[in-house]
Amino acid sequence: MEKGGVSSRRVSDFVTDDKGRIDFDIVRSSRKTLGIHIGEGGQVLVKAPAWVSRSQIREAVLGKSPWIREKADLARRGDALKITHRFAQGEPFLYLGRTYPLYIRYDPAMKNVCVDLTEDEFVIETPAIHGAVLEMAVLKWYRENALKLMEQRVQYYGQIFGALPSKVIVREQKSRWGSCNSKGELRLNWKLIMAPPGILDYVVVHELCHLKEMNHSPRFWNLVETLCPQYRQCRQWLKDYGAALSWNCLETGAEV
């Protein structure tokens, strides 16, 4: 039960239009507005106030049906692109837009897990095969390399642009590839280290341009285009394939 005694039990329903059927779940609460959310696998969830009738909910879903179908399709395609890591020999690891097969070398004499990248393989040397430990080591390697490369790209484009941030921070961001705040700090998503170099550069340029234009006005996009003429293609790539830049490990179930 939620505050006010409103049940949060899910109820299933559906609507049909000329394009077919849309299935969705309803969760009622003490909220004041109705919201439609698209989850993993394209599942549709309607969060509704207690006073909204079932017919009003159906009408709202029908009214948003083109948007729902578009977002649900993107979610399903995104799920299909995701790699679930099991730390099995030969499984693919992404780095700068290329997949490298995993090679694990077991050496009980080692004290720590070592991660490295060769021309042809993603290499883990480890004293023990333990998924959670391997995951921690690989994430550390990804983040360290992301910070190093992103600082280099920020420095490169910042000198051309004539403005540099006060700090570059690499972190996990659930719904953003990057951000820039009023202190001049750039925050970049570490998962961009998995993307092709041009995509990473676009996000760097995008956030650098916010140092001069803290908005998304035509003037802002003109600045972006000056440094990254192909920015439209990069934005589309992130929409189409950004879901592939995820981290999911079967051993721990952690997705970041």
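This text follows the structure it describes.
As the structure is a prediction and not an experimental result, all values here were calculated from the model.

Asks: What is the right way to look at the sheet that holds strand 6 (residues 92-95) in this model?
Replies: Sheet strands pair by backbone hydrogen bonding; their relative direction is either parallel or antiparallel. Across the sheet, four strands lie side by side as 6-7-9-8; this open sheet has mixed pairing. Of all strands in the sheet, those bounded by a partner on one side alone are strand 6 and strand 8 (114-117). Across the sheet, the mean angle separating the axes of adjacent strands is 30° when strand polarity is ignored. The pairing of strand 6 with strand 7 (residues 98-106) spans four bridges and is antiparallel. Each bridged residue has a counterpart across the sheet, and for Phe93 the counterpart in strand 7 is Tyr100.

Asks: Quick question: what am I supposed to make of empty space enclosed by the protein here?
Replies: Over the atoms, a rolled probe matching the size of one water molecule traces out where space is still vacant. Following the criterion strictly, the structure yields one cavity of 30 Å³ or more and no others. The volume enclosed by the largest cavity comes to roughly 40 Å³. Looking at the largest cavity, the residues that line it are Ile83, His85, Leu94, Tyr142, Met194, Ala244 and Ser246. Taken together, the residues that form the lining of the largest cavity break down as five nonpolar, two polar and no charged.

Asks: Got a minute to help me understand the packing of aromatic side chains in this structure?
Replies: The geometry of an aromatic ring pair is captured by two quantities: the separation of the ring centres and the angle between the planes. Applying the stated criterion to the full structure yields 14 aromatic pairs. Centroid distance Phe122 to Trp141: 5.2 Å. Interplanar angle 80°. Geometry classified as edge-to-face. Of this pair, Phe122 sits in strand 9 (residues 122-126) while Trp141 sits in helix 3 (residues 131-161), placing them 19 residues apart in sequence. Each member of the pair, Phe122 as well as Trp141, is classed as buried. Ring plane angle 75° and centroid distance 6.0 Å describe the contact between Tyr142 and Trp247, whose orientation is recorded as edge-to-face. You can see Tyr142 sitting in helix 3 and its partner Trp247 sitting in the loop between helix 6 (231-241) and strand 13 (248-249), a full 105 residues away along the chain. Just as Tyr142 is buried, Trp247 falls in that class too. An aromatic cluster is present here, built from Phe87, Phe93, Tyr95, Phe122, Trp141, Tyr142, Trp190 and Trp247 joined pairwise through their rings. A cation over an aromatic ring shows up here: Arg21 above the ring of Phe14, its NZ or CZ 3.8 Å from the ring centre. Cation over ring: Lys212 sits above Phe161, and NZ or CZ is 4.3 Å from the ring centre.

Asks: Could you clarify how one ought to interpret the side chain of Ser246 in this entry?
Replies: Mapping Ser246 onto the fold places it in the loop between helix 6 and strand 13. Judged by its relative accessible area of 8%, Ser246 is buried. Only 3.3 Å separates the side chain of Ser246 from the backbone oxygen of Ala243, close enough to count as a polar contact.

Asks: Looking at this structure, I do not really get the sheet that holds strand 1 (residues 11-17). What am I missing?
Replies: One open sheet holds the four strands; their spatial order is 1-2-4-3, and the pairing between them is mixed. The two strands at the open ends of the sheet, each matched to only one other strand, are strand 1 and strand 3 (35-38). Shown here is a sheet whose adjacent strand axes are inclined to one another by a mean of 30°, direction ignored. Pairing between strand 2 (residues 20-29) and strand 4 (residues 44-49): five bridges, direction parallel. The partner of Ser29 across the bridge, within strand 4, is Pro49.

How each quantity is defined
Residues numbered from 1 in each chain as written. Predicted model: local features only at pLDDT ≥ 70, side-chain atom pairs only at ≥ 80, totals over all residues. Heavy atoms only, no water. Pairing = 2+ DSSP bridges. Helix = DSSP H or I, 4+ residues; strand = E, 2+ residues; numbered from the N terminus. Axes fitted to C-alpha atoms, helices over the stretch in contact; angles between N-to-C directions. 1 Å grid on protein atoms, 1.4 Å probe; cavity = no way out; pocket = protein on both sides within 12 Å on 5 of 7 lines; lining within 4 Å. Points joined across faces, edges and corners; volume = space filled by probe spheres on them. Nonpolar A, V, L, I, M, F, W, Y, C, P; charged D, E, K, R; others polar. Phe/Tyr/Trp six-rings, centres within 6.5 Å; stacked < 30°, edge-to-face > 60°. Buried < 20%, exposed > 50% of the residue type's maximum accessible area, 1.4 Å probe, protein only. Lys NZ or Arg CZ within 6 Å of the ring centre and 35° of its normal. Polar contact = N/O pair within 3.5 Å; in protein donor to acceptor, adjacent residues only side chain to side chain.

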